Amino acid sequence: MSRQELADALDAELLNRPLPAAAVRDMERWLSGLGARYRAGIGGHAVEYVPSRWSNVEPWPEQLAVRSHAEAAMLSRAEVVAVARRATEGGEWSALLVASYVWGQGRTGYGPHRLRAVLAQSAVDDVLAAAAAALKAAGATDAYRVLYDAIPGLGPAFFTKFLYFLDLVQDGPAPRALILDRRVARAVRAHAARVGLDAGLVAAPTLAAWTWSNGAWTSHRYGVYLRWITAAADQLAASGIGWPGASPDLLELALFGGVWAPEAPRRRA
């Protein structure tokens with residue numbers, strides 16, 4: 001078998017076995033504790049940022065705090081959704097990119113500089129508009145393909161946040177767009193390697209490291225991720241632990257937070 005055929009076989013095993021029993025137990029404990037506040041939805045999940053550090057970023061959405069404030073403020077998913085709703089009404093795609101970027105960056109120092117560089121490019125609005133149209137007409141994977149390598153400095157970890165919030169207010173095809181970043185990919189990579197070894201694919205750790213590499217995920221890989229995390233969320237909803245249905249973004253939040261951190265097996269040559 002070729003390397004790609006082996007990778008496809010690994011993907012098939014991953015999709016057949018979304019989560020092990022240990023992951024379900026970890027999710028149950030989290031949902032009974034710190035995660036209980038998200039049972040009715042994750043719109044209240046918020047991050048801290050300092051508005052004044054973003055003073056030179058335009059356009060600045062009115063839903064965000066006034067940038068004369070040097071004190072820390074909170075930005076919730078629900079507030080970014082409000083920006084997304086406004087964006088769909090008036091085509092204010094750059095404003096949504098700003099809101100999703102600030103939400104994703106939080107207090108990290110280099111965020112404002114990088115975002116200004118992204119917004120300074122002349123093609124930004126046209127590319128974001130094209131991605132929004134693709135998301136509504138054809139779905140998340142096609143929208144991802146539009147954005148992949150299209151805007152220098154804007155990688156999947158941030159443009160999938162743009163797609164995620166936009167898809168919450170657009171009635172596009174399933175599966176829903178979801179955030180894919182390095183933390184989440186690291187968990188999927190470790191799980192895929194373990195699943196592959198259990199299925200007899202001795203090269204599974206090497207294949208998983210290749211397919212789930214840090215940040216270079218193709219649109220095909222994003223599609224595999226969406227199918228896997230949707231199936232895993234459905235598994236949790238059917239497991240009897242009280243997991244709310246149709247909530248793959250809750251699972252994404254849990255994976256980002258390290259609620260379940262599968263141990264990666266050692267790679268084999």
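Further up the page is the structure itself.
This section reports on the structure supplied with the text. Only a predicted model underlies this, so the values are computations on that prediction, with no experimental measurement involved. (Residues numbered from 1 in each chain as written. Predicted model: local features only at pLDDT ≥ 70, side-chain atom pairs only at ≥ 80, totals over all residues. Heavy atoms only, no water.)

1. Re the pattern of salt bridges
Pairing is possible between side chains of opposite charge, provided their charged atoms come close.
(1) Moving on: The tally for this structure, following the rule as stated, stands at ten salt bridges.
(2) Moving on: Notably, a salt bridge pairs Asp26 with Arg29, separated by 2.3 Å at the nearest N-O pair. In this pair, Asp26 and Arg29 are both assigned in helix H2 (residues 21-32), three residues apart and thus about one turn of the helix distant.
(3) Moving on: Look at Arg29 and you get exposed, because its relative accessible area is 54%.
(4) Moving on: As a salt-bridge pair, Asp142 and Arg145 come within 3.4 Å of each other at their nearest N and O atoms. (Salt bridge = Lys/Arg side-chain N within 4 Å of Asp/Glu carboxyl O. Helix = DSSP H or I, 4+ residues; strand = E, 2+ residues; numbered from the N terminus. Buried < 20%, exposed > 50% of the residue type's maximum accessible area, 1.4 Å probe, protein only.)

2. Some remarks on helix H5 (residues 111-119)
(1) Moving on: Within the span of H5, buried status applies to Gly111, Pro112, Leu115, Val118 and Leu119. Looking straight down H5, one finds that the buried residues subtend no more than 120° of arc, so they occupy a single side.
(2) Moving on: For H5, the secondary structure elements touched by its buried residues are helix H4 (93-105) and helix H6 (124-137). (Arc of directions from axis to C-beta. Contact = heavy atoms within 4.5 Å.)

3. Looking at the nonpolar core
(1) Moving on: Counting residues in each nonpolar core, the largest one holds 91 residues, and the members touching the most others are Met27, Leu163, Tyr225 and Trp243.
(2) Moving on: Ranked by the residues each element gives to this core, the list is headed by helix H11 (residues 219-237), at nine residues.
(3) Moving on: Beyond its immediate stretch of four places on either side in the chain, Tyr225 contacts Leu178, Ile179, Leu180, Val184, Val188, Trp212 and Glu252. (Core = buried A, V, L, I, M, F, W, Y, C linked by side-chain atoms within 4.5 Å.)

4. Details of the side chain of Ser100
(1) Moving on: Along the chain, Ser100 turns up in helix H4.
(2) Moving on: Only 3.1 Å separates the side chain of Ser100 from the backbone oxygen of Leu97, close enough to count as a polar contact.
(3) Moving on: Residues contacting Ser100, with those up to four places away along its chain left out, are Val80, Lys161, Phe162 and Phe165. (Polar contact = N/O pair within 3.5 Å; in protein donor to acceptor, adjacent residues only side chain to side chain.)

5. Details of the environment of Ser239
(1) Moving on: By the element assignment, Ser239 lies in the loop between H11 and helix H12 (248-256).
(2) Moving on: Residues Ser239 and Trp212, 27 residues apart in the sequence, show an inter-C-alpha distance of 27 Å.
(3) Moving on: Reaching out from Ser239, the side chain makes a polar contact with the backbone oxygen of Leu236 at a distance of 2.6 Å.

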